[in-house]
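Observations on the model geometry
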Amino acid sequence: MKGEIAIQALKEINNMLKTKVISNDELRDARIDHTTNMGKCYVSVVFNEKCFKKLIEFNNKTRSTLTECGTFFYGRMKGNTIYVEDFFSDFELGQGEFADAAVHVTNRNLQEKKLLTERSEVNHNPYNVVIHFHTHPSYGITDEYHVIKTKTTRYSDQDLYTLAYLQKYHQPVSNNVIVFSGGLLAVDDCRTQISMVYYDLIRKDFYNMDNIYYMYQDKLFKFNNYDITRSKQLDESNCIKLKKELEELK
């Protein structure tokens, strides 16, 4: 159930989406909590081992250097299952020493996305899922070198606007509809949380995707969303259907 603050944030984001022109006034707050202010999207997201290791790399870099980092992950969706299978260039790094730290999507990132998602003579089977994934360090330091504890476990309003903007304005021209989603590794003191969200163009609202899995040494694990170190391997009897769906997507 959304509170008044979250409702106002969603209204501002949707108003900004009415034009393709990106506003110069960034949304700097984090007023929408994906765990309490969003409905649930009943989709299973599975990272292959390569992409899982990239997430761990991001986690370690963010934890040790206070550096935000990110990339576009690419995958395929069939039914209610998304299989995440590749990534390419990292986003431009933002430094965590400052309160307005952020990662930035580069022209190279956008060109790669176009090549990988547009149907063409050289790409007969383009990806139909793109995940804008990034990290948040546990705290920041202002220009005056004051340590601040930010809402690191939440997507900023600007994060959510970026995701919705991609969903609305970055669809391929080759009739290959893309599902854009957003992902976040939030490093908070001694633990790291993982989350994913999706913007629905019809409902003009965001949804939480909390069924997140990964493959490691041909075994399937379910992420613990609130502490990735507590993730658990699935019993074979409990993942037969999901593994079958993954085989069809590979």
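Rules behind the numbers
- All residue numbers refer to positions counted from 1 along the written sequence of the respective chain.
- Two thresholds apply to this predicted model, a pLDDT of at least 70 for residue-level local features and 80 or more for giving and counting side-chain atom pairs, whereas whole-chain, interface and lining totals are computed over all residues.
- Hydrogens and water molecules were not included; the side-chain quantities draw on all heavy atoms of the structure.
- Three exposure classes are used, based on accessible area relative to the maximum for each residue type with a 1.4 Å probe and protein chains only: buried under 20%, partly exposed in between, and exposed over 50%.
- Going along the chain from the N terminus, every DSSP run of H or I of four or more residues is numbered as a helix, and every run of E of two or more is numbered as a strand.
- When DSSP locates at least two bridges between a pair of strands, those strands are taken to pair.
- A 3.5 Å cut-off defines polar contacts: any pair of N or O atoms within that distance qualifies, except that in protein one atom must be a possible hydrogen donor and the other a possible acceptor, and neighbouring residues in sequence count only when both atoms are side-chain atoms.
- Contact between two residues is taken to exist if any of their heavy atoms lie within 4.5 Å; hydrogens are not considered.

1. What about unusual backbone geometry?
As a rule of thumb, non-glycine residues mostly have phi less than zero, and peptide bonds are mostly trans rather than cis. In this structure, Asn175 is a non-glycine residue whose phi angle is positive, near 60°. According to the relative accessible area criterion, Asn175 is exposed, its value standing at 69%. In this structure, Lys204 takes a positive phi of about 55° despite not being glycine. You can see Lys204 is positioned in the loop between strand E11 (191-200) and strand E12 (205-208).

2. Looking at the pairing of strand E13 (residues 211-216)
On any regular strand, side chains alternate: one points to one face of the sheet, the next to the other face. Among the 6 residues in E13, 5 count as buried, and that is most of the element. As paired elements, strand E2 (residues 44-47) and E13 share 4 bridges and run parallel to each other. Across the sheet, Phe47 pairs through a bridge with Tyr214, a residue of E13. If you look at the hairpin formed by E13 and strand E14 (residues 219-222), you'll find 2 residues sitting between the two strands, and Gln217 has a positive phi there, around 50°.

3. Focus on the side chain of Thr71
In this fold, Thr71 is placed in strand E4 (residues 70-78). For Thr71, the side chain forms a polar contact with the main-chain oxygen of Ser89, separated by 2.8 Å. Apart from the residues within four sequence positions on either side, Thr71 is in contact with Phe58, Phe87, Phe88, Ser89, Asp90, Phe91, Ile131, His132 and Phe133.

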